[in-house]
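# Summary of structural features
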Amino acid sequence: MLVKFTDDTGVLEEGIDTGGPRREFLTLLMKHLKDRPIFDGPEGHRFWVYNANAVREDEYYMAGKMIAVSVVHGGPGPHFLSEDLVHYLAGQPSFHATNNLITDEEIGKALQEIENAASLDALRECMMRHSTMLQTAGCLRHVATVDEKKQIVSDYLQWYIIDRNSSVIDRFRDGLSTLEFLTALQQHPTLLAPVLCHSERRLTAFELECLFKPDLSPSGSNRRLKESQTMAYWADYLLDCEESHAAVSVEDVLMFATGLSSLPPSGLEPLPQIEFLDDSAFPMANTCSNSLRLPLLDSYTLFKSQMDFGIQNSPGFGCF
């Protein structure tokens, strides 16, 4: 896969894609995919929903293919899919969805009422009140104990998230089979499922500091002293990014240097490195070689402000 970006007038960006533009394109692709009308559910826990127009356009197949191509070609995974849905795709039977995945207020309220039933009579009365909804999902049945309410809610959620959308999930699965990614997911679910699912875990300053290896001058030289001081500034800056004391996030820094906002499952190739600048007060990056060039400045305050400005005002990512 070779990617070229154009400016607003259609002029192609110079340079040959050796990784950077491809990673940026795949990052933008996953970001755009999240908001398509083929998905429902809250942020970070999206699941497929039937959309007639998307079926005609075969968008579910294309979405699966986009994800498979992105991961295999060193890009990010979507990181926004429901964990239960991913487990289903991977052939794992676990299902632990909760009411907060339901965006329809009436359905969510009905399920909450069933879940809150305090007695058998209250549960039966609640089920009769919502009998049409439960019957549509095949969940309306005689109950003998109040504890059955949990299974009823779980069965409805299984139908709502997976069973009623099975036709489009199957088509998505066909797309996900591109480049044998679905096979890999089913064979190595522990490794690949987190690539598709949302995670509360964020990229840390320590991980980014360890990821980028500095290209240092010989020990004892005057330049080495300046570079060592800059590396200390770099470590402090990453901590400020992680703790929201800088204008950008740790993910923004990674995006600036590599074209990715999260670490890909296949790792970064070539390995990220840090170089040093004598002729610029602002950071520069070459996303094709995963190299970040830091300015040699006299104070941390100046270093931080220049890093913030340079990353925030970067016009894009590519090979420079």
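What counts, and where the lines are drawn
- Residues numbered from 1 in each chain as written.
- Predicted model: local features only at pLDDT ≥ 70, side-chain atom pairs only at ≥ 80, totals over all residues.
- Heavy atoms only, no water.
- pLDDT = per-residue confidence, 0-100.
- Helix = DSSP H or I, 4+ residues; strand = E, 2+ residues; numbered from the N terminus.
- Core = buried A, V, L, I, M, F, W, Y, C linked by side-chain atoms within 4.5 Å.
- Buried < 20%, exposed > 50% of the residue type's maximum accessible area, 1.4 Å probe, protein only.
- Contact = heavy atoms within 4.5 Å.
- Salt bridge = Lys/Arg side-chain N within 4 Å of Asp/Glu carboxyl O.
- Disulfide = S-S within 2.5 Å.

## Digging into the confidence of the model for the chain
- Counting all residues, the mean pLDDT for the chain is 91, and 95% of those residues have values of 70 or more.
- Looking across the chain, the model is least confident in helix α1 (residues 20-33), with a mean pLDDT of 88, and most confident in helix α2 (residues 52-56), with 97.

## Details of the nonpolar core
- Formed by 57 residues in total, the largest nonpolar core has its most connected members in Trp-48 and Tyr-156.
- The element best represented in this core is helix α8 (residues 149-161), accounting for seven residues.
- Those residues in contact with Tyr-156, other than ones at most four positions away along the chain, are Ile-107, Leu-111, Met-133, Leu-134, Ala-137 and Cys-139.
- Counting residues in each nonpolar core, the second largest holds 27 residues, with Tyr-237, Val-253, Ala-285 and Leu-294 among its members.

## Side note on the pattern of salt bridges
- Under the defined criterion, the tally for this structure stands at 14 salt bridges.
- For Lys-34, the salt bridge is made with Asp-35, and the minimal N-O distance between the two is 3.1 Å.
- A residue is classified by how much of its surface remains accessible, and Asp-35, at 54% relative accessible area, is exposed.
- The partner of Glu-125 in a salt bridge is Arg-129, and the shortest N-O contact between them spans 2.5 Å. Taken together, the positions of Glu-125 and Arg-129, both in helix α6 (residues 120-129) and four residues apart, correspond to about one turn of that helix.
- For Glu-125, a relative accessible area of 44% corresponds to the partly exposed category.
- Look at Arg-129 and you get partly exposed, because its relative accessible area is 46%.
- Here the salt bridges share partners, and the residues they tie into one network are Lys-34, Asp-35 and Glu-43.

## So, the state of the cysteines
- Considering all chains together, one arrives at zero disulfides under this definition.
- Unpaired in this structure, Cys-126 has its nearest cysteine sulfur neighbour in Cys-139, at a distance of 13 Å.

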